[in-house]
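Chain by chain, the residues:
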Amino acid sequence: MEGYRILDQDYELIDIPTRLDQEQAMPASSFMKDVWNRFKSNKGAMIGGIIILIFLLIAIVAPLLSHYTFDGVNTAEQSMAPRIPGLTWMSWFNGEGGIRTYTGEFENAFHYFGTDVLGRDLWVRCWEGCRISLFVAGTAVLVNVFIGIIYGMISGYFGGLVDNVMQRFQEIVNSIPTLVILTLLLLVMKPGLYTIIVALILTEWIGMARITRAQVLKIKEQEFILASRTLGAGGFFIIFKKVLPNIFGQIIIMAMFSIPNAIFYEAFLAMVGLGIPAPQASLGSLINDGFKTILVTPYQVIIPTVILGILMLSFNLLADGLRDAFDPKMKDR
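Definitions and limits used
- Residues numbered from 1 in each chain as written.
- Predicted model: local features only at pLDDT ≥ 70, side-chain atom pairs only at ≥ 80, totals over all residues.
- Heavy atoms only, no water.
- 1 Å grid on protein atoms, 1.4 Å probe; cavity = no way out; pocket = protein on both sides within 12 Å on 5 of 7 lines; lining within 4 Å.
- Points joined across faces, edges and corners; volume = space filled by probe spheres on them.
- Nonpolar A, V, L, I, M, F, W, Y, C, P; charged D, E, K, R; others polar.
- Salt bridge = Lys/Arg side-chain N within 4 Å of Asp/Glu carboxyl O.
- Buried < 20%, exposed > 50% of the residue type's maximum accessible area, 1.4 Å probe, protein only.
- Helix = DSSP H or I, 4+ residues; strand = E, 2+ residues; numbered from the N terminus.
- Contact = heavy atoms within 4.5 Å.
- Core = buried A, V, L, I, M, F, W, Y, C linked by side-chain atoms within 4.5 Å.
- Patch = residues over 30% accessible without salt bridge, like charges linked within 9 Å, V, L, I, M, F, W, Y side chains within 5 Å.
- Areas by Shrake-Rupley, 256 points an atom, 1.4 Å probe, with all protein chains shown as cover.
- UniProt positions renumbered as here; feature names shortened; annotations may be inferred.
- Phe/Tyr/Trp six-rings, centres within 6.5 Å; stacked < 30°, edge-to-face > 60°.
- Disulfide = S-S within 2.5 Å.
- Expected span 1.5 Å × (residues − 1).
- Polar contact = N/O pair within 3.5 Å; in protein donor to acceptor, adjacent residues only side chain to side chain.
- Axes fitted to C-alpha atoms, helices over the stretch in contact; angles between N-to-C directions.
- Parallel < 35°, antiparallel > 145°, perpendicular 65-115°, else oblique.
- Left-handed = near helix turned anticlockwise from the far one by under 90°.

## Details of the layout of surface pockets
Taken as a whole, the second largest pocket holds about 380 Å³ of empty space. Pro 82, Trp 92, Phe 93, Tyr 299 and Ile 303 are the residues nearest the centre of the second largest pocket, which is lined by 14 residues in total. For the lining of the second largest pocket, a count of residues per class yields 12 nonpolar, 2 polar and no charged.

Structure below.
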């Protein structure tokens with residue numbers, strides 16, 4: 001408009017308090033730190049991991065601290081109900097639900113999980129069985145991971161004739177039920193802990209090999225693999241130095257999901273009579289023994305079943321948390 005003039009005092013520079021005087025960069029964070037932060041935020045996974053550690057600690061310490069042994073037979077104390085000091089006011093832990101009672105010379109005795117039909121302390125036997133079950137599952141999974149990783153990476157990376165031959169062999173092995181393999185092993189090996197481990201090793205690596213092969217097929221044509229080939233890197237160098245670090249997260253997840261399957265399979269073998277021979281005990285054999293007297297002394301089957309169920313649930317929660325931590329996109333699927 002005519003006659004309108006803009007003067008210097010019409011405008012004043014205002015200092016905004018939120019204005020940054022200098023650029024600020026976000027602190028760098030490594031991949032494993034991000035994985036740990038995502039894992040910590042998953043309450044279910046943390047609870048599962050804590051329960052597993054507690055069970056592992058009790059399985060190691062409890063048999064050592066108790067004055068009872070897992071194979072100590074005392075027919076005078078057979079089928080006594082659980083009795084825990086300080087909890088005798090509860091009907092479940094006052095020791096009155098068994099065939100034998102805590103009277104006379106056993107008035108001051110305590111069996112936290114009761115005793116079995118031979119008078120053996122179930123507290124020691126349950127945690128001894130938990131330790132054996134974890135040992136069987138852990139050993140089998142570690143060996144299967146080692147075999148499955150190598151087999152799957154070689155098959156997926158080289159492809160062609162090598163892949164076809166290795167996949168046909170894998171299909172043949174997978175077509176034979178593990179129960180049949182174990183039965184055949186019992187013809188040449190004595191029943192026991194190592195026979196079960198060998199049976200698991202012979203078949204349980206197939207799932208890991210399949211997952212590993214699928215991951216290798218997905219990344220072997222990416223640019224960093226092509227760059228390594230162009231620079232003259234050998235096949236096995238690329239497999240173990242370039243491919244393996246990029247699929248390590250999936251391997252950990254698969255291994256964690258394999259542990260509860262191995263524990264359940266060991267328990268199943270024990271329940272059908274192909275497990276660890278007496279007087280040794282696993283959770284499966286304890287369930288099998290307790291099932292025979294479930295109507296008279298139900299605690300003998302309920303207690304090991306609850307321990308087995310909590311253990312398997314904890315491993316599944318931990319594996320699910322690791323899956324989300326290594327691959328946060330899985331939450332949206």
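## Details of the pattern of salt bridges
For the coordinates displayed, the defined rule picks out 7 salt bridges. Asp 116 is the partner of Arg 125 in a salt bridge, and the nearest nitrogen-oxygen pair spans 3.8 Å. A residue is classified by how much of its surface remains accessible, and Asp 116, at 7% relative accessible area, is buried. Between Asp 320 and Arg 323 there is a salt bridge whose closest N-O contact spans 2.3 Å. Of this pair, Asp 320 and Arg 323 both sit in helix α11 (residues 299-326), separated by 3 residues, roughly a single helical turn.

## Examining the environment of Ile 219
Its place among the elements puts Ile 219 in helix α7 (residues 205-219). Overall, Ile 219 belongs to the buried group, its relative accessible area being 8%. Separated by 62 residues in the primary sequence, Ile 219 and Tyr 157 have C-alpha atoms spaced 9.4 Å apart. Discounting residues that sit within four places of it in the chain, Ile 219 has contacts with Ile 225, Val 243, Asn 246 and Ile 247.

## Observations concerning the nonpolar core
Among the nonpolar cores identified, the biggest contains 53 residues, and Trp 127, Ile 263, Ile 307, Leu 311 and Phe 315 are the most heavily contacted of them. Elements with a minimum of two residues in this core: α1 (31-40), α2 (43-65), α3 (122-158), α7, α9 (235-271), α10 (283-291) and α11. Apart from residues no more than four positions distant in its own chain, Ile 263 is found in contact with Ser 133, Leu 134, Ala 137, Leu 308, Leu 311, Met 312 and Phe 315. Listed in part, the 15 residues of the second largest apolar core include Ala 140, Leu 182, Leu 185 and Ile 201.

## Some details on a nonpolar patch on the surface
Taken together, the side chains of Leu 56, Leu 57, Ile 60, Val 61, Leu 64 and Leu 65 present a nonpolar region at the surface, about 590 Å² in accessible area. For Leu 56, a relative accessible area of 39% translates into the label partly exposed.

## Notes on the UniProt feature "transmembrane region" (unreviewed entry) in the protein chain
When the UniProt feature table is mapped onto this chain, "transmembrane region" (unreviewed entry) is found at residues 45-65, 132-158, 179-202, 252-276 and 296-319. This span, residues 45-65, is 100% helix and 0% strand, and a straight line between its end C-alpha atoms measures 30 Å.

## Structural notes on the packing of aromatic side chains
Under the criterion given, the structure shown has 8 aromatic pairs. Seen from their ring centres, Trp 36 and Phe 39 are 6.0 Å apart, and the 25 degrees between their planes marks the pair as stacked. Here Trp 36 pairs with Phe 39, and both are found in helix α1, just 3 residues apart, close to one helical turn. Residue class for Trp 36 comes out partly exposed when judged on its relative accessible area of 44%. Pairing Phe 113 with Trp 127 gives two aromatic rings, centres 6.4 Å apart and planes at 40 degrees, and the pair type is tilted. Of this pair, Phe 113 sits in the loop between α2 and α3 while Trp 127 sits in helix α3; the two residues are 14 residues apart in sequence, bridging distant segments of the chain. A relative accessible area of 15% means that Phe 113 is categorised as buried.

## As for the state of the cysteines
All chains considered together, the criterion is met by 0 disulfides. Cysteine Cys 126 remains unbridged, with the sulfur of Cys 130 as its closest cysteine sulfur at 9.0 Å. For Cys 126, a relative accessible area of 1% gives the class buried.

## Remarks on unusual backbone geometry
Positive phi outside glycine occurs at Ser 79, with the angle close to 55 degrees. Assignment of secondary structure puts Ser 79 in the loop between α2 and α3.

## Some details on α3
A rise of 1.5 Å per residue sets the reference length of α3, with its 37 residues, at 54 Å; its end C-alpha atoms lie 53 Å apart and thus fit the reference within 8%. Structurally, the start of α3 carries an N-cap: the backbone nitrogen of Trp 123 is 3.3 Å from a side-chain oxygen of Asp 121. Phi turns positive one or two residues past the end of α3, at Gly 159, with a value near 60 degrees.

## As for the packing of α10 against α11
Contact geometry for α10 and α11: axes closest at 8 Å, N-to-C directions at 150 degrees. Taken together, α10 and α11 sit at an angle that is classed as roughly antiparallel. Seen from above, α10 lies across α11 with left-handed handedness. Residues Leu 283, Leu 286, Ile 287, Gly 290 and Phe 291 of α10 form the contact with α11, whose own contacting residues are Gln 300, Val 301, Pro 304, Thr 305, Ile 307, Leu 308 and Leu 311. Class assignment for the residues of the contact of α10 with α11 results in 9 nonpolar, 3 polar and no charged.

## Brief notes about the packing of α3 against α7
α7 packs onto α3 with a crossing angle of 35 degrees between their chain directions and a minimal axis gap of 7 Å. α7 is crossed by α3, and the crossing has right-handed handedness. Residues Asn 144, Val 145, Ile 147, Gly 148, Ile 149, Tyr 151, Gly 152, Met 153, Ser 155, Gly 156 and Tyr 157 of α3 form the contact with α7, whose own contacting residues are Trp 205, Met 208, Ala 209, Thr 212, Arg 213, Val 216 and Leu 217. When its residues are assigned to classes, the contact of α3 with α7 shows 11 nonpolar, 6 polar and 1 charged.

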